[in-house]
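# A structural walkthrough
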Amino acid sequence: LVFRYGQRLALDQLDLKISAGQIFALLGPNGSGKSTLFRILATLECNWQGRVTVLGNDLRQEATSIRQRLGVVFQSPSLDKKLTVRENLRCQGILYGLQRRELANRIDEVAQQLGIRDRLDERAETLSGGLKRRVELAKGLLHRPRLLLMDEPSTGLDPASRLDLWMALSQLQHDHQVSVVLTTHLLEEAD
């Protein structure tokens, strides 16, 4: 995989394979191409060279199929602060075609798994940073993706919230065999 921003080479002959059910951390300083790779894998960038296969699908030819099986947790918050946690999750579920009973069941499931069930009817703006990050993760997992992409997932979290996030993620990865690719500049986070 090769990607350039004008004359600047961001990704130079990147070649990697991530196995099913694996947690894979891309570790590097700011400006090292981590977020560029994240954007490519998330089907948000198309001016790259090479061959990329995600979940057995060619990224150039089958981006729509990939998007349906991909969960994404961006570095920047994506919650609507004025909506409740449940409303944020419902909006996300509807985008993936979940409806009525199935959507309600999935919301209950991810809320239970991530320890946010008692927060479903609270506005997102009232939550702590760690709880907001859990809701972001719930949004990414709601449609049961096969691959979860997380860009700098612990940005802005205190050490206790960071540990809670990793424990929840590890449990979900174990229970559902979701492959996880994350970007980070923190060595302990990658470890």
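No experiment lies behind these values; they were computed from the predicted model shown.

## Here's the deal with the pairing of strand β9 (residues 179–184)
Two faces belong to every sheet, and in a regular strand the side chains alternate between them. The element β9 is extensively covered by neighbouring structure, given that 6 of its 6 residues are classed as buried. Alignment of strand β3 (residues 23–27) against β9, held across 5 bridges, turns out to be parallel. Residue L27 lies in a different strand from β9, and its bridge partner there is T184. Taken together, the 5 bridges between strand β8 (residues 147–151) and β9 define a ladder with parallel strand orientation. Within β9, the residue paired with D151 across the bridge is T183.

## Some details on the nonpolar core
By size, the foremost hydrophobic cluster in this structure holds 30 residues, and its most contacted members are I116, L137, L148 and M150. Secondary structure elements with two or more residues in this core: α3 (85–95), α4 (100–113), α5 (129–141), β8, α6 (159–176) and β9. The element that contributes the greatest number of residues to this core is α5, accounting for 5 residues. For L148, the contacting residues outside a window of four places in its chain are G71, V72, V73, L137, G140, L141, L169, V178, S179, V180 and V181. Counting residues in each nonpolar core, the second largest holds 19 residues, with F3, L11, L26 and L149 among its members.

## Here's the deal with the layout of surface pockets
Of the volumes computed, that of the largest pocket is approximately 560 Å³. In terms of lining, the largest pocket is formed by 21 residues, of which the most central are L16, K17, I18, T53 and V54. Classifying every residue of the lining of the largest pocket by side-chain character gives 12 nonpolar, 5 polar and 4 charged. Space inside the second largest pocket adds up to approximately 400 Å³. Contributing to the lining of the second largest pocket are 19 residues, with R67, L70, Q92, Y96 and H143 lying nearest its centre.

## Quick word on the pattern of salt bridges
Under the counting rule described, the total for this entry stands at 8 salt bridges. Residue K34 pairs with E152 through a salt bridge whose shortest N-O separation is 3.9 Å. In this pair, K34 is assigned in helix α1 (residues 34–41) and E152 in the loop between β8 and α6, connecting sequence segments 118 residues apart. D118 is the partner of R119 in a salt bridge, and the nearest nitrogen-oxygen pair spans 3.9 Å. Judged by relative accessible area, R119 falls into the partly exposed class, the value being 27%.

## What about α4?
Each turn of an α-helix holds 3.6 residues, which means side chains three or four residues apart point in the same direction. The end-to-end C-alpha separation of α4 is 20 Å, in line with the 20 Å expected for 14 residues at 1.5 Å each. Here α4 has its buried residues at L103, R106, I107, V110 and A111. Relative to the axis of α4, the buried residues are bounded by an arc of 125 degrees and lie together on one face. Taken together, the buried residues of α4 touch α3 and α5.

## Things to note about the sheet that holds β8
The strand order across the open sheet built from 4 strands is β3-β9-β8-β7, with neighbouring strands paired in parallel fashion. One side of each edge strand has no neighbouring strand; the edge strands of this open sheet are β3 and β7 (70–73). Between one strand axis and the next, the sheet turns through 15 degrees on average, direction left out of account. Bridging between β7 and β8 involves 4 bridges; their strand directions are parallel.

Conventions used here
- Residues numbered from 1 in each chain as written.
- Predicted model: local features only at pLDDT ≥ 70, side-chain atom pairs only at ≥ 80, totals over all residues.
- Heavy atoms only, no water.
- Buried < 20%, exposed > 50% of the residue type's maximum accessible area, 1.4 Å probe, protein only.
- Helix = DSSP H or I, 4+ residues; strand = E, 2+ residues; numbered from the N terminus.
- Pairing = 2+ DSSP bridges.
- Core = buried A, V, L, I, M, F, W, Y, C linked by side-chain atoms within 4.5 Å.
- Contact = heavy atoms within 4.5 Å.
- 1 Å grid on protein atoms, 1.4 Å probe; cavity = no way out; pocket = protein on both sides within 12 Å on 5 of 7 lines; lining within 4 Å.
- Points joined across faces, edges and corners; volume = space filled by probe spheres on them.
- Nonpolar A, V, L, I, M, F, W, Y, C, P; charged D, E, K, R; others polar.
- Salt bridge = Lys/Arg side-chain N within 4 Å of Asp/Glu carboxyl O.
- Expected span 1.5 Å × (residues − 1).
- Arc of directions from axis to C-beta.
- Axes fitted to C-alpha atoms, helices over the stretch in contact; angles between N-to-C directions.

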